[in-house]
There are 2 protein chains.
Amino acid sequence: MVVETSQSFAGQDFDHRLVLWAMRLVGNPRISIRLWNGDEFPVTSDSPVACMEFRDRGAVLALIRSPSLGFGGCYSKGRIEVHGDFLAFANEITAAVTRKHNSGYYGPKLRSLLYALRPNTTVRSKHNVHHHYDLGNDFYKLWLDKRMVYTCAYFDTAEATLAEAQVAKMDHVCRKLKLQPGMKVIDAGCGWGALAMHMAEKYGVDVIAYNNSSEQVAYAREEATERRLDRKVTFVEDDYRTINQRCDAFVSIGMLEHVGLANYKLLGALINRCLKPSGLGLIHSIGRSFPNKTDAWIVKHIFPGGHVPSLGEMMTVFEPYRFSIIDVENLRPHYARTCAAWLQNFESVAGDIEKTYGKPFVRMWRLYLAGSSAGFQSGTLQLYQVLFTPYGNNKVPWTREYQYLENAGGN
Amino acid sequence: MVVETSQSFAGQDFDHRLVLWAMRLVGNPRISIRLWNGDEFPVTSDSPVACMEFRDRGAVLALIRSPSLGFGGCYSKGRIEVHGDFLAFANEITAAVTRKHNSGYYGPKLRSLLYALRPNTTVRSKHNVHHHYDLGNDFYKLWLDKRMVYTCAYFDTAEATLAEAQVAKMDHVCRKLKLQPGMKVIDAGCGWGALAMHMAEKYGVDVIAYNNSSEQVAYAREEATERRLDRKVTFVEDDYRTINQRCDAFVSIGMLEHVGLANYKLLGALINRCLKPSGLGLIHSIGRSFPNKTDAWIVKHIFPGGHVPSLGEMMTVFEPYRFSIIDVENLRPHYARTCAAWLQNFESVAGDIEKTYGKPFVRMWRLYLAGSSAGFQSGTLQLYQVLFTPYGNNKVPWTREYQYLENAGGN
């Protein structure tokens, strides 16, 4: 009996130490731990934000092997459970990891470059896009705003709803581009077509919108016909690399993340061919404050082929073709709020989604949405809108005041 | 006689061809040529913008050897004369050179990197700054605005004078930095102290301003005492590398051009040490739309040690320390107008300046001011204002609208 008790104590002690070791790897977050045997203890002396439950010892080992893949995999399968506010938990973990890994520049930069060695071919891009965007329009309809905008919103007032903020974002982009009726606009990576249709409807421009997701293009075409915009907006189901029209404005919202570093110069060449000498272009993309590899779990399960660039890396789209960068705006806090709004919508219909897609899918998406919000909240992720124009174009706005005038642009 | 005539024809023909060859090297500008023997002919069939006179054959050869050094040297010495509007001439030449050299990316980028191998030491920086800024306050007083601001102005209205636009620039910068009374601000490379005093006077902040030009600091201190700002503004005559105070805001207007690429990381480290976690920083610098070596004549005669970075190159100040870039604004057209205003002022007192500094000096400065204006007009040069904050700071402005509200900030 005495021997057995001491063995049990030793085992308990070992598990506690193992978990605390795992927690050191992620920067000692202010959370409490619950083990498979019911043991509960805090990681730090601060009051815990939430409780992380390990349902088996293997989950702890998986976390140690790879914090990102280990946590993501085990949480999706329910081998790790989180008790309390999941977004608060995600924010705390992300902040802790950030505190821990706050040194080093060349290491992450090298990893970012090495990662770029596997370029996205047209075939691979099609596959990557299919993986995420062809999950079914019905799935996204459940938790996106009614216009189906799946990129960072712009909360121009404190009270703005998600739907209002998505319209505000589209107007913000259109104002920056100084759209005028009759202009021809290329929209590269148009999602469900919300921006393309908004530009045509409100600003009177003609849009050619590209997307290689069959599901999204089918939805967009139907919507355009219904809104009688099908003569102003052409949706092309093809890779961005096939774009070959001349345009007065080039816009790409949330596509660069899928392009991959190795193809930035190719994208720049394409814009250089398409954009008229006095045209304006805008690329809106998730970014980083320093070069780094994209999170392993995100690449494996959410965005295969994805790369989140630093602003310096983004310049490899523009500098080889001498584009003049007119204006860069960072909307980081807006994306934290956007993702949090999506998560809230998602949770309100999680039960329905679970019936169709299963429990692991719901848990994976919860982690993805909360983790993204936490990424923007912590500063791991940034959101850059880069406005640019061909070299030497002097027909550029004199100041940016026009972006903030009431009713600027539009009909 | 017949032989002589044909010899003379052959000689004339040779000189014409030599000049036209030189003109091809600079992209065949729409100008006419006058030779030392009185011959006059146009370079292209377009109507000429101005007339360039070569006073001897050696000047043509100097131009062929090195268009930048050759023209600069010969124009300064009067071996090349320009008849007509000098700024229009400079604009045309710059545009022509730009049209010609519009290809290649890795070559200029490599030259930019190689150029950076000769870093500016503290001693060399002192020498470089002395070369340009210690020409005498009286000299600059003759043609700058009354506050002695020697950086890009911000013409927020079409009618703004240079003096008004310099105040508007300072306010634009102060608004971006969200200055509040009592804040401590570091001003790195403060010139004659106009911004430092403006910030203290209008925004109630305490400023420590650095500059290693003795002449400028002496002027700034006297001015501060006269305006009773000497308790709010401390002028330190020292290299930026000695900055070691903590601050709520860090601002540097027109210093980065002198720092040199090799020291960007050092500058970033310095800001990283000084700026509080919730502080804002702004770097205002001449830039380029792609990496390239700085013009040979400018480096030799105007700004030794100077380097004009691309936005990507500027990121090596920020990315190693994970600063979050909040906002980048390009004021390129404003600097073309600023330099043109300086040139106009300069021409109105050129006679006086010539008496003190001599004819070659006046011609050199005319070329520098007109060439700079032309550089910004053509797109060879850009002007970036980069607003940034330490990693993870969430106390950032929600939108940029505050920058455009009447009477935002200030007392």
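A. Summary view of the overall build of chain A. A count of helices and strands for chain A gives 17 helices and eleven strands. Overall, the C-alpha framework of chain A stretches about 85 × 45 × 40 Å when taken along its three principal axes. Counting over 411 residues, chain A shows a buried share of 50%. Within chain A, residue pairs in contact and separated by at least 24 positions form 73% of the contacts whose partners lie at least 6 positions apart.

B. View of the nonpolar core. Counting residues in hydrophobic clusters, the biggest one holds 246 residues, and the most contacted among them are Val185 and Met199 of chain A together with Val185 and Met199 of chain B. If we ignore the near neighbours within four places in the chain, the residues touching Met199 of chain B are Cys174, Leu179, Val185, Val205 and Val207 of chain B.

C. Highlighting the environment of Glu201 of chain B. Tracing the backbone through its elements, the reader meets Glu201 of chain B in helix H9 (residues 194–203). Non-local contacts of Glu201 of chain B, meaning those with residues more than four positions away in its chain, are made with Arg227 and Leu229 of chain B.

D. Expanded view of helix H6 (residues 122–133) of chain A. Residue and element names in this part refer to chain A. Taking 1.5 Å as the rise per residue, H6 with twelve residues should run 16 Å; its terminal C-alpha atoms sit 16 Å apart, in good agreement. Taken as a whole, H6 has its buried residues at Ser125, Val129 and Tyr133. When H6 is viewed along its axis, its buried side chains cluster within an angular range of 35° and face the same direction. The inward-facing, buried residues of H6 contact helix H10 (214–226) and helix H11 (256–259).

E. The arrangement of the domain arrangement of chain A in detail. Residue and element names in this part refer to chain A. One can read the domain layout of chain A as domain 1 (2–100) and domain 2 (112–404). A C-alpha centroid distance of 36 Å is found between domain 1 and domain 2. Across the contact, 15 residues belong to domain 1 and 22 residues belong to domain 2. Examining the composition of the side of domain 1 that touches domain 2, we find that seven residues originate from one element, helix H4 (residues 86–100), more than from any other.

F. Local environment of the relation of the copies chain B and chain A. Overlay of chain B on chain A (RMSD 0.0 Å): rotation 180°, translation along the axis 0.0 Å. Here the symmetry operator amounts to a two-fold rotation axis.

G. Expanded view of the interface of chain B and chain A. At the junction of the two partners, chain B supplies 35 residues and chain A supplies 35 residues. If you list the elements that add at least two residues to the side of chain B that touches chain A, you get helix H14 (311–318), strand S10 (324–330) and helix H15 (332–348) of chain B. Ranked by residue count, the leading element in the side of chain B that touches chain A is S10 of chain B, at seven residues. Of the residues that constitute the side of chain B that touches chain A, the class distribution is 15 nonpolar, twelve polar and eight charged.

H. A look at the pairing of strand S6 (residues 206–211) of chain B. All names here are of chain B. Where strand S5 (residues 184–188) and S6 come together, five bridges link them in parallel fashion. Its bridge partner being in S6, Lys184 is matched across the sheet by Asp206. A crossover connection joins S5 to the parallel S6 through H9; in handedness this β-α-β unit is right-handed. Sheet analysis places S6 next to strand S7 (residues 233–237), joined by five bridges and oriented parallel. Residue Ala209 lies in a different strand from S7, and its bridge partner there is Phe235. Note that the unit made of S6, helix H10 (residues 214–226) and S7 has a crossover that is right-handed.

I. Quick look at the environment of Lys178 of chain A. Residue and element names in this part refer to chain A. Topologically, Lys178 is positioned in the loop between helix H8 (162–176) and strand S5 (184–188). According to the C-beta neighbour criterion, Lys178 is buried, with 20 such atoms within 10 Å. Placed 125 residues apart in sequence, Lys178 and Glu53 show a C-alpha to C-alpha distance of 52 Å.

J. Quick peek at the packing of helix H3 (residues 67–77) of chain A against helix H17 (residues 359–378) of chain A. Residues and elements named next belong to chain A. Closest axis-to-axis distance for the H3/H17 pair is 7 Å, and the angle between their directions is 135°. One finds that H3 runs oblique with respect to H17. Crossing hand, H3 versus H17: right-handed. Contacts between H3 and H17 involve Gly72, Tyr75, Ser76 and Lys77 from the former and Pro360, Arg363, Met364 and Leu367 from the latter. Of the residues assigned to the contact of H3 with H17, the class counts are four nonpolar, two polar and two charged.

K. The packing of H8 of chain A against helix H9 (residues 194–203) of chain A, seen in detail. All names here are of chain A. Two numbers describe how H8 lies on H9: the axes approach to 10 Å, and their chain directions differ by 65°. Where H8 crosses over H9, the two elements pack in a sense that is right-handed. Between H8 and H9, the contacting residues are Met170, Val173 and Cys174 on the first element and Ala194, Leu195, His198, Met199 and Tyr203 on the second. Classifying every residue of the contact of H8 with H9 gives seven nonpolar, one polar and no charged.

L. Quick peek at unusual backbone geometry. Residue and element names in this part refer to chain B. Unusually for a residue other than glycine, Asn28 sits at a positive phi of about 50°. Examined against the element boundaries, Asn28 turns out to sit in the loop between helix H1 (2–25) and strand S1 (32–34). A positive phi is found at Arg322, a non-glycine position, where the angle reads about 60°. Structurally, the position occupied by Arg322 is in the loop between H14 and S10.

M. Here's a closer look at the sheet that holds strand S3 (residues 51–54) of chain B. Residues and elements named next belong to chain B. Strand order across the open sheet formed by four strands is S2-S1-S3-S4, with mixed pairing between neighbours. Looking at strand neighbours, the two that pair on one side only are strand S2 (40–42) and strand S4 (80–83), the edges of this open sheet. Neighbour to neighbour, the strand axes of the sheet diverge by 25° on average, direction disregarded. Pairing between S1 and S2: three bridges, direction antiparallel. Of the residues in S2, the one forming a bridge with Ser32 is Pro42.

N. Molecular detail of the sheet that holds strand S3 (residues 51–54) of chain A. Residue and element names in this part refer to chain A. The four strands lie next to each other as S2-S1-S3-S4, forming an open sheet whose pairing is mixed. Because the sheet does not close on itself, it has two edges, and the strands there are strand S2 (40–42) and strand S4 (80–83). Taken pair by pair, the neighbouring strands of this sheet meet at an average axis angle of 25°, ignoring direction. By the bridge criterion, three bridges tie strand S1 (residues 32–34) to S3 in an arrangement that is parallel. For Arg34, the partnering residue across the bridge sits in S3 and is Glu53.

O. Region of interest: the environment of Gly73 of chain A. Residue and element names in this part refer to chain A. Structurally, Gly73 can be placed in helix H3. Judged by the 20 C-beta atoms lying within 10 Å of it, Gly73 falls in the buried class. For the pair formed by Gly73 and Pro360, sequence separation is 287 residues and the distance between their alpha carbons is 9.2 Å.

Thresholds applied
- Residues numbered from 1 in each chain as written.
- Chains lettered and ligands numbered in written order.
- Predicted model: local features only at pLDDT ≥ 70, side-chain atom pairs only at ≥ 80, totals over all residues.
- Helix = DSSP H or I, 4+ residues; strand = E, 2+ residues; numbered from the N terminus.
- Buried ≥ 20, exposed ≤ 12 C-beta atoms within 10 Å, placed from the backbone.
- Contact = placed C-beta atoms within 7 Å.
- Core = buried A, V, L, I, M, F, W, Y, C linked by C-beta atoms within 7 Å.
- Expected span 1.5 Å × (residues − 1).
- Arc of directions from axis to C-beta.
- Domains from an automatic or database assignment.
- Least-squares fit on C-alpha atoms with pLDDT ≥ 70 in both.
- Nonpolar A, V, L, I, M, F, W, Y, C, P; charged D, E, K, R; others polar.
- Pairing = 2+ DSSP bridges.
- Right-handed = clockwise from strand over helix to strand, strands pointing away.
- Axes fitted to C-alpha atoms, helices over the stretch in contact; angles between N-to-C directions.
- Parallel < 35°, antiparallel > 145°, perpendicular 65-115°, else oblique.
- Left-handed = near helix turned anticlockwise from the far one by under 90°.

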